[in-house]
Amino acid sequence: MLFAVVSYQQKRYNLFNEETEGYSKLVTELLSFPTYSKKKKDIDKLKERIQSLIGYFDLDPNRVFDLVMDTAEIFLDRQPTNFMDLLSLFNRNNLGHIMGFKFRFYRGRKTPARLFKCAAMLIRDGYLNLIDLYPHLYPERDDQLRNKLFDFEQEKFEEAKHVGVVNLNQDSSEEPQAKAIDPRNDRQIPEIFVHNQKLGLLTALLKVGAYSDAINMLDSLSTATVPLSFHPSIANALCSALTLLIEPIYAKISPSRIMDPNYDVNERFECSESDAQLLSKLVFPLLYHLGPELHHDLLLFTKLVRVVNEFISYQQKGAHFSAKPEYLGALEVFLSALCFIPLNTGLVYEIWSILSQLNYESRFSVYTMTKDNGYTNNYKMMAQYNLASKEIKSVLKRLSKENFKTRGRAIARIAHSNPLVVADKICEICENYENLIPLIVEALRYVTPLLHDVMTFCIIQRFIKEPIRPKLKSDASSIAAWLANLATLIGYLFKKYFTTDLEPIINYVLNQVKRGGWEDLIILKELIQHMSGIE
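So, here's what we can say about the structure. (Residues numbered from 1 in each chain as written. Predicted model: local features only at pLDDT ≥ 70, side-chain atom pairs only at ≥ 80, totals over all residues. Heavy atoms only, no water.)

Moving on to the overall build of the protein. Along its length, the protein carries 25 helices and zero strands. Pairs at least 24 residues apart make up 78% of the contacts formed inside the protein by residues separated by at least 6 positions. About 27300 Å² of surface is accessible on the protein, with carbon and sulfur atoms providing 53% of the total. (Helix = DSSP H or I, 4+ residues; strand = E, 2+ residues; numbered from the N terminus. Contact = heavy atoms within 4.5 Å. Areas by Shrake-Rupley, 256 points an atom, 1.4 Å probe, with all protein chains shown as cover.)

What follows is the structure, encoded as structure tokens:
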């Protein structure tokens, strides 16, 4: 029994058995080390002195390890890599627990930013595995975070529904209700996010360049309707990360490159395999998580649009082609972010230069995703939809022959940011008021080609939307008014703006006729009548 105790019982370290002088000497060595030095011999000397102190004073290696990490936190802004080299002295399998205990100490209160940065750098450099540290972070369960996020988004959706809505049932004698909160400008953060260590580590991972681990955390914590980018610090970190990632690619296409004396005018952008992989593996996943919050960084927005434009132009084969799903997802983000940027015609044309290279199936897929995933599932975009709808209705109901030019400019101002909202409301009004169709078409002279294309999309959507409306009147002898009015709108629209793509309308009519839908021939009739003058 005595032999077993002596031979196999692990020696327990505690402060009563150790020499405190050893720790004071250790701290002195660590703090006096020239952190700016990159010489290997200096680091080797420090390793030797630490080993000597551990052996001479019988220090606990795990406590020494902890002190080394504390010192690394302090000198993060100088030369942290020197302290990272000291990790070879210790058992790295314990690093996850040591860092985890540090995070547990700050549960429920503010965690120092330098601790997040130190952990992120260890993960980035391969010293620490995110899986080992993750269970120690607060809150422990991801479903707690998702449930709180779900409650938060439901509250914001209710607020978004009331943006731009006027209560007509309120008695004039009563006090006016408080103005509805605009979720687009609301910076309120849920309580569970205030001291959330997982979000703090996520932000630090983005800042130090550990993008793959950051993407894994974003995939794990985000919900389908509210991405984590609504948190200001995460949105800023995502914008900074995307700026750094695309800078080498953008330098090849930047307009400023013409200032280079060696610039070749005939040089064409070449899409390398490494650039394509960078977009696919890192840029696009981060962009999807950023979502509409991209509008906060207009410079980054413009760079991303130009980069995607160059890549699609490089891959284009023929007049129009079908883009990869990852590029369609990026275009959806662009249109969603555009909703919050007022009166930027240049950016609208930059986006249209990408869309105009695609076939109409790809373009309409982007519009559908923006409408369904954006305006329906994002509370900020829902609020923007309500505001834009209220503005465009106010403009259209005052449209007349005397003011159609002035009103046309007002329509263009709204349409630059929200083409889908404007096109949808125009089609809705034209369905019911045939006499306004010529005036509305004339007023559209100030809008961009993007709105004309979105108009085509919205018209076809109204043809096929559920529930399917009858295309004949109740007497079954004449065309229903809504169908006749939309056909008239098509005739006026394509006569006035003849550069608009007519292919989707023609294909729709052909497919309907093949199915026996002869009622849709009125669309072809209106097109021929207005564009050729033949009755």
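Before going further, it helps to spend a moment on the side chain of histidine 530. Tracing the backbone through its elements, the reader meets histidine 530 in helix 25 (residues 521-532). A distance of 2.9 Å separates a polar atom in the side chain of histidine 530 from the backbone oxygen of glutamate 526. (Polar contact = N/O pair within 3.5 Å; in protein donor to acceptor, adjacent residues only side chain to side chain.)

What follows is about the nonpolar core. Membership of the largest hydrophobic core comes to 170 residues, with the highest contact counts inside it found for Met99, Leu201 and Phe334. Here this core gets twelve residues from one element, more than from any other, and that element is helix 12 (residues 232-253). Ignoring anything within four residues of it in the chain, the contact list for methionine 99 reads Met69, Leu115, Cys118, Ala119, Leu122, Leu128 and Leu133. (Core = buried A, V, L, I, M, F, W, Y, C linked by side-chain atoms within 4.5 Å. Buried < 20%, exposed > 50% of the residue type's maximum accessible area, 1.4 Å probe, protein only.)

Here the focus is the packing of helix 15 (residues 325-338) against helix 16 (residues 345-355). Axis separation between helix 15 and helix 16 bottoms out at 11 Å; the angle between their running directions is 155°. Regarding the angle of helix 15 to helix 16, the classification is roughly antiparallel. Considering the relative orientation of helix 15 and helix 16, their crossing is left-handed. Counting all contacts with helix 15, which are made through Leu331, Phe334, Leu335 and Leu338, the residues of helix 16 involved are Leu347, Val348, Ile351, Ile354 and Leu355. Tallied by class, the residues present in the contact of helix 15 with helix 16 amount to nine nonpolar, no polar and no charged. (Axes fitted to C-alpha atoms, helices over the stretch in contact; angles between N-to-C directions. Parallel < 35°, antiparallel > 145°, perpendicular 65-115°, else oblique. Left-handed = near helix turned anticlockwise from the far one by under 90°. Nonpolar A, V, L, I, M, F, W, Y, C, P; charged D, E, K, R; others polar.)

This part takes up the environment of proline 342. Examined against the element boundaries, proline 342 turns out to sit in the loop between helix 15 and helix 16. Given a relative accessible area of 60%, proline 342 falls into the exposed group. It is 7.2 Å that separates the C-alpha atoms of proline 342 and histidine 416, two residues lying 74 residues apart in sequence.

On to helix 3 (residues 40-57), then. Between its terminal C-alpha atoms helix 3 stretches 26 Å, which fits the 26 Å expected from 18 residues at 1.5 Å a residue. Turning to helix 3, its buried residues are Asp42, Ile43, Leu46, Lys47, Ile50, Leu53 and Phe57. Down the axis of helix 3, the buried side of the element spans an arc of 140°, and every buried residue falls inside it. Exposed side of helix 3, more than 90 degrees from the buried face: Lys40, Lys41, Glu48, Gly55 and Tyr56 are the residues found there. At the exit of helix 3 stands aspartate 58, carrying a positive phi of roughly 55°. (Expected span 1.5 Å × (residues − 1). Arc of directions from axis to C-beta.)

On to helix 7 (residues 113-124). Taking 1.5 Å per residue, twelve residues should reach 16 Å; helix 7 reaches 16 Å between its end C-alpha atoms and fits that length. Within the span of helix 7, buried status applies to Leu115, Phe116, Cys118, Ala119, Ala120, Met121, Leu122 and Ile123. Phi turns positive one or two residues past the end of helix 7, at glycine 126, with a value near 85°.

This next bit is on the pattern of salt bridges. Taken as a whole and assessed by the stated rule, the structure comprises 26 salt bridges. One salt bridge connects aspartate 70 with lysine 102, and the closest N-O pair in it is separated by 2.3 Å. Highlighted residues: aspartate 70 in helix 4 (residues 61-74) and lysine 102 in helix 6 (residues 95-105), separated in sequence by 32 residues. For lysine 102, a relative accessible area of 11% translates into the label buried. The shortest N-O distance in the salt bridge between aspartate 125 and arginine 124 comes to 3.1 Å. Since its relative accessible area comes to 35%, arginine 124 is described here as partly exposed. One salt-bridge network, in which partners are shared between bridges, spans Lys371, Asp424, Glu431, Arg462 and Arg469. (Salt bridge = Lys/Arg side-chain N within 4 Å of Asp/Glu carboxyl O.)

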